[in-house]
Each structure stands twice: as structure tokens, then as C-alpha cells.
Amino acid sequence: MSQPRIVAVTGAFGILGAAVARAAAGQGAKVALIDFAKTAPEGLLEACGPDALALSGVDLTDPAGATNAVDEAAARFGGLDVLINVAGGFAWQTHADGDPAVWDRLYAMNVKTTANASRAAIPHLRASAAGRIVNIGANGAVRSGAGMGAYAASKAGVHRLTESLAEELKGQVTVNAVLPSIIDTPTNRVDMPDADFASWVTPEELAAVILFLASPAASAVTGALIPVAGRV
């Protein structure tokens, strides 16, 4: 019988991160849930099983904070097979009237968290028989729209980091990213009440693609930026 996969999910207390963590646990994985938030959503830890590890209050924009969290997860489970970088943020603002500080904030939330967590995980993933990194990019960073400049620029940074790491770790660890369009979350429904929600990608649909890329079956896929646009 094969050993359970060991999966670390950043941003695990958010809508998508929680969906990924639940789905990974449902496939038999041991899951480490890493988040800046102090409290996990009700029922999440129970859904992830008795072995689930919750690491709250982790600042992944700090390299030391990222290293400490990833090392703790690897020590708890005896290794690490998968890092799924869900942690990130979004802001919409026009460039002419926007706050320049938003550029720094989104760079930190999207690029630095991914870079720091990945750097911390690489030694552990190299020791795995099937090490995987899966990042969250954005379909809106392929061709940006009005008000999306800062967000799209930061997610484009995630795309380029994904490609660079895939080359750096070729033959050792696969590195891929999913590029969702609009994810069907309560916040997005409130922000866009007149939209066709049925056309959006659900967190569970996105989690299924992420977990395929995280699986041993995806050994031939690396450096890919995979659109997951739902029915938009």
C-alpha cells in the first residue's frame, strides 16, 4: 500500500484553500494548512482528518516565517510531497486614481508569498519521489483589463516564477500554475450580483485540476500555465 501524500496548502483558511485542503484530505493525503489568519473556518480541520496540522498567523511575505512553517509541516509528517500556493490577494483600482501602495501590497501578497513558500519547500520536495509545486495564477494576467493593472502585474509575476522554477527544478520537482477566471465565491457574488454565476469556475472544480497537477500522474507536466476558466 502506498504512503499517503503529504500536502501543504498556503492560504488554506480561504474559500479556495479550504476547498483544496478538503479535497486533498479526501484523497487520503496528510494536510498542513498554512494561513496568515488566526482561526480556521468552522469544520475545516475536522474535514481534513485527525492528522491535519493547522499553522495560523504565518506571514509568508517574511522568508523566515515561510521557512519555519514549511519546516514544521515537514517535521510533523516526516517530509513533504506537495506545496500548493493559494495565499494571495486581489484589488481593483484604476491606475490614474489608484493608490500606488496597492502595487507593493499585491506584489507581497501574490509574488512574495509564492516565492518564499516555494524556496522553503524545495529541499523537502527534492527529497520526495514525486515533488510538486502548484501555484495560483490568473486568467486576467494573460490579457489584463481596466482596473486590473496591479493585480495582473503581480499574477504575471507568479506566472514567470512558475516557468523559471520549472526550469530550475526540471527532473526533480514539477512546477505548474492554474489560471482561473472568476471563482464562484460569496465575495464575488456580492461584488458582481448581476453576473451569471453558473459560468464561473467553482472552488471544487479548480481544486480538482490543482490536485491532478499535484499527483504522481502529472509527472510529465511542468512549466504549464493552465487556464481554468469555467464557462466564461
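First, a word on scope: everything that follows refers to the structure included in this document. As the structure is a computational prediction, the values presented were derived from the model and not from experiment. (Residues numbered from 1 in each chain as written. Predicted model: local features only at pLDDT ≥ 70, side-chain atom pairs only at ≥ 80, totals over all residues. Heavy atoms only, no water.)

Helix length check: helix 1 (residues 15–26) (12 residues) gives 17 Å between terminal C-alpha atoms against 16 Å at 1.5 Å per residue, within 8%. Regarding helix 1, the residues found buried are Leu 16, Gly 17, Ala 18, Ala 19, Val 20, Ala 21, Ala 24 and Ala 25. Those residues of helix 1 that are buried are in contact with strand 1 (6–10), strand 2 (30–34), helix 2 (44–47), strand 4 (82–85), strand 5 (131–136) and helix 7 (203–213). Just downstream of helix 1 lies Gly 28, where phi reads positive at about 95 degrees. (Helix = DSSP H or I, 4+ residues; strand = E, 2+ residues; numbered from the N terminus. Expected span 1.5 Å × (residues − 1). Buried < 20%, exposed > 50% of the residue type's maximum accessible area, 1.4 Å probe, protein only. Contact = heavy atoms within 4.5 Å.)

Before going further, it helps to examine the pattern of salt bridges. Pairing between side chains becomes possible if they bear opposite charge and their charged atoms approach one another. Within the structure shown, the criterion is met by 5 salt bridges. Between Asp 81 and Arg 5 there is a salt bridge, and its shortest N-O distance comes to 4.0 Å. In this pair, Asp 81 is assigned in the loop between helix 3 (63–77) and strand 4 and Arg 5 in the segment before strand 1, connecting sequence segments 76 residues apart. By the burial criterion, Asp 81 is buried, and Arg 5 matches it. In this structure, the salt-bridge partner of Glu 205 is Arg 231, at a minimum N-O distance of 3.1 Å. In this pair, Glu 205 sits in helix 7 while Arg 231 sits in the segment after strand 7 (225–228), placing the two residues 26 residues apart along the sequence. (Salt bridge = Lys/Arg side-chain N within 4 Å of Asp/Glu carboxyl O.)

What follows is about the pairing of strand 6 (residues 173–180). Across the 8 residues that make up strand 6, a large majority, 8, are buried. Side-chain alternation along strand 6 places Val 173, Val 175, Ala 177 and Leu 179 on one buried face and Thr 174, Asn 176, Val 178 and Pro 180 on a second face that is also buried. The pairing of strand 5 with strand 6 spans 6 bridges and is parallel. The partner of Asn 135 across the bridge, within strand 6, is Ala 177. Here strand 6 pairs with strand 7 via 4 bridges, running parallel. Within strand 7, the residue paired with Val 178 across the bridge is Ile 226. (Pairing = 2+ DSSP bridges.)

Of note, Thr 162 is situated in helix 5 (residues 149–168). Each C-alpha atom of the pair Thr 162 and Val 134 lies 8.4 Å from the other, and the pair is 28 residues apart in sequence. Apart from residues no more than four positions distant in its own chain, Thr 162 is found in contact with Asn 135, Val 175, Asn 176, Ala 177, Ala 224 and Leu 225. In terms of polar contacts, Thr 162 uses its side chain to reach the side chain of Asn 135, at 2.9 Å. (Polar contact = N/O pair within 3.5 Å; in protein donor to acceptor, adjacent residues only side chain to side chain.)

What follows deals with helix 4 (residues 101–126). Over its 26 residues, helix 4 runs 36 Å from end to end, which matches the ideal 38 Å to within 8%, given 1.5 Å per residue. Along helix 4, the largest kink reaches about 35 degrees and is centred on Ala 120; proline Pro 123 follows within four residues of it. (Bend = angle between axes of the 7 residues up to and from the residue.)

Turning next to the packing of aromatic side chains. One pass over the structure, following the stated rule, counts 2 aromatic pairs. Ring geometry for Phe 90 and Tyr 151: centres 4.7 Å apart, planes at 75 degrees, overall edge-to-face. Of this pair, Phe 90 sits in the loop between strand 4 and helix 4 while Tyr 151 is found in helix 5, placing the two residues 61 residues apart along the sequence. Take Phe 90: its relative accessible area is 48%, and that puts it in the partly exposed class. Given the relative accessible area of 13%, Tyr 151 is considered buried. (Phe/Tyr/Trp six-rings, centres within 6.5 Å; stacked < 30°, edge-to-face > 60°.)

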